[in-house]
Amino acid sequence: MAQDTQALNQATNLFGDQQELWLFGYGSLIFKVDFPYLQSRPATIYNWTRRFWQGSHDHRGTPSAPGRVATLVEQPGATCTGMAYLVTPDVFEHLDHREKNGYLRFTTAMHFDDGSTADGLVYIATEENAAFLGPASELEIAHHIANSKGPSGPNDEYLLRLADALKELNADDPHVYEIAKHLRSYQK
Ligand code: SIN
């Protein structure tokens, strides 16, 4: 049974009285931007790494056959490049629904290319959530992704669109690129 984190997120007020705030996206929030924003900028966060360790029951898989999607895992010294969006607090009603399968909102320090920093909200599916699948080799993950699909489409589309977007950002992400390499080899 998937953990619905929507109510937990809505009960947590991380906004204060801010009229505008930053959101940090590192997975589908980079390539599927179905919410309004005032500004977007590439950003990097430190000590977190992107991993396809989260199960997807509602977007790229089903409860009986979950897909694999991205979450963040703490790793001292790691960096994770993604996209920061300046948004108004009302977008979180939609985003909390979209990210309801195990993702909780946290605050993180984001670093921009010009050396400036800002705090941003980030959705993280921690290992406590019921849909968490955990580690596997990149080859196993590619095989799993190649065989999964859900209401939002095939699981390989998620990974390959993310890999393409990360290349555009010049992001260093051997985990994602290796899974993408395996998936592309299946398509030949
Ligand atoms: C994110 O993209 O920042 C969160 C995970 C996802 O929706 O793929």
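Residues numbered from 1 in each chain as written. Predicted model: local features only at pLDDT ≥ 70, side-chain atom pairs only at ≥ 80, totals over all residues. Heavy atoms only, no water.

1. Some words on the overall build of the protein
Across its full length, the protein holds six helices and seven strands. Counting from the amino terminus, the protein carries its helices and strands in the arrangement α-β-α-β-β-α-β-β-α-β-β-α-α. Compactness check: the protein gives a C-alpha radius of gyration of 16 Å against a globular reference of 16 Å for 188 residues, within 12% of the reference. Within the protein, counting contacts between residues at least 6 apart in sequence, those at least 24 apart form 75% of the total. Roughly 9,200 Å² of accessible area belongs to the protein as shown, and the carbon and sulfur atoms make up 51% of that amount. When the 15 positive and 24 negative side-chain charges of the protein are each reduced to one mean point, those points stand 8 Å apart. (Helix = DSSP H or I, 4+ residues; strand = E, 2+ residues; numbered from the N terminus. Rg over C-alpha atoms; globule rule 2.2 N^0.38 Å. Contact = heavy atoms within 4.5 Å. Areas by Shrake-Rupley, 256 points an atom, 1.4 Å probe, with all protein chains shown as cover. Lys, Arg positive; Asp, Glu negative; His and termini not counted. Charge placed at Lys NZ, Arg CZ, Asp CG, Glu CD.)

2. Some details on the side chain of Asp156
Among the structural elements, Asp156 can be located in helix α5 (residues 155-168). At 6.8 Å, Arg60 is the nearest oppositely charged side chain to Asp156, a buried residue that forms no salt bridge. The residues touching Asp156, leaving out its near neighbours within four places in the chain, are Ile145, Leu183 and Gln187. (Buried < 20%, exposed > 50% of the residue type's maximum accessible area, 1.4 Å probe, protein only. Salt bridge = Lys/Arg side-chain N within 4 Å of Asp/Glu carboxyl O.)

3. A look at the pattern of salt bridges
Under the defined criterion, the tally for this structure stands at eight salt bridges. Salt-bridge contacts for Asp173 lead to Arg50; the nearest nitrogen and oxygen are separated by 2.7 Å. Of the two residues, Asp173 sits in the loop between α5 and α6 (174-187) while Arg50 sits in strand β2 (residues 39-56), which places them 123 residues apart along the sequence. Overall, the relative accessible area of 5% leaves Asp173 in the buried class. The exposure class assigned to Arg50 is buried, which follows from its relative accessible area of 1%. One salt bridge in this structure joins Glu99 and Arg98, with 3.4 Å as the shortest N-O distance.

4. Re the site of the ligand
Every residue lining the ligand is accounted for by Phe24, Gly25, Tyr26, Gly27, Ser28, Leu29, Glu99, Tyr103 and Tyr158. Within the backbone of Ser28, an N or O atom sits 2.8 Å from an oxygen atom of the ligand. Notes on the ligand: free accessible area 250 Å², of which the protein chains cover 97%. Contributions of two or more residues to the shell around the ligand are made by β1 (21-25) and α2 (28-31). Of the residues in the shell around the ligand, the class split is five nonpolar, three polar and one charged. (Near = heavy atom within 4 Å. Polar contact = N/O pair within 3.5 Å; in protein donor to acceptor, adjacent residues only side chain to side chain. Nonpolar A, V, L, I, M, F, W, Y, C, P; charged D, E, K, R; others polar.)

5. Examining α5
The terminal C-alpha atoms of α5, which comprises 14 residues, lie 21 Å apart, in line with the 20 Å expected from a rise of 1.5 Å per residue. Buried within α5 we find Asn155, Asp156, Tyr158, Leu159, Leu160, Leu162, Ala163, Ala165 and Leu166. Asn170 sits one or two residues past α5 and shows a positive phi near 60°. (Expected span 1.5 Å × (residues − 1).)

6. Examining the pairing of β1
For β1, the buried fraction is high: five of the five residues fall into the buried class. The side-chain alternation of β1 yields two buried faces, one formed by Leu21, Leu23 and Gly25 and the other by Trp22 and Phe24. Bridge count for β1 against strand β3 (residues 67-87) is five bridges, and the pairing is antiparallel. Pairing of Leu21 across the sheet is with Val87, part of β3. (Pairing = 2+ DSSP bridges.)

7. Here's the deal with the packing of α5 against α6
With their axes 10 Å apart at the nearest point, α5 and α6 run at an angle of 125° to one another. In terms of orientation, α5 lies oblique with respect to α6. When the axes of α5 and α6 are compared, the crossing they make is left-handed. Here α5 contributes Asp156, Leu159, Leu160, Ala163, Asp164, Leu166 and Lys167 to the contact with α6, which in turn contributes Val176, Tyr177, Ile179, Ala180, Leu183, Arg184 and Gln187. (Axes fitted to C-alpha atoms, helices over the stretch in contact; angles between N-to-C directions. Parallel < 35°, antiparallel > 145°, perpendicular 65-115°, else oblique. Left-handed = near helix turned anticlockwise from the far one by under 90°.)

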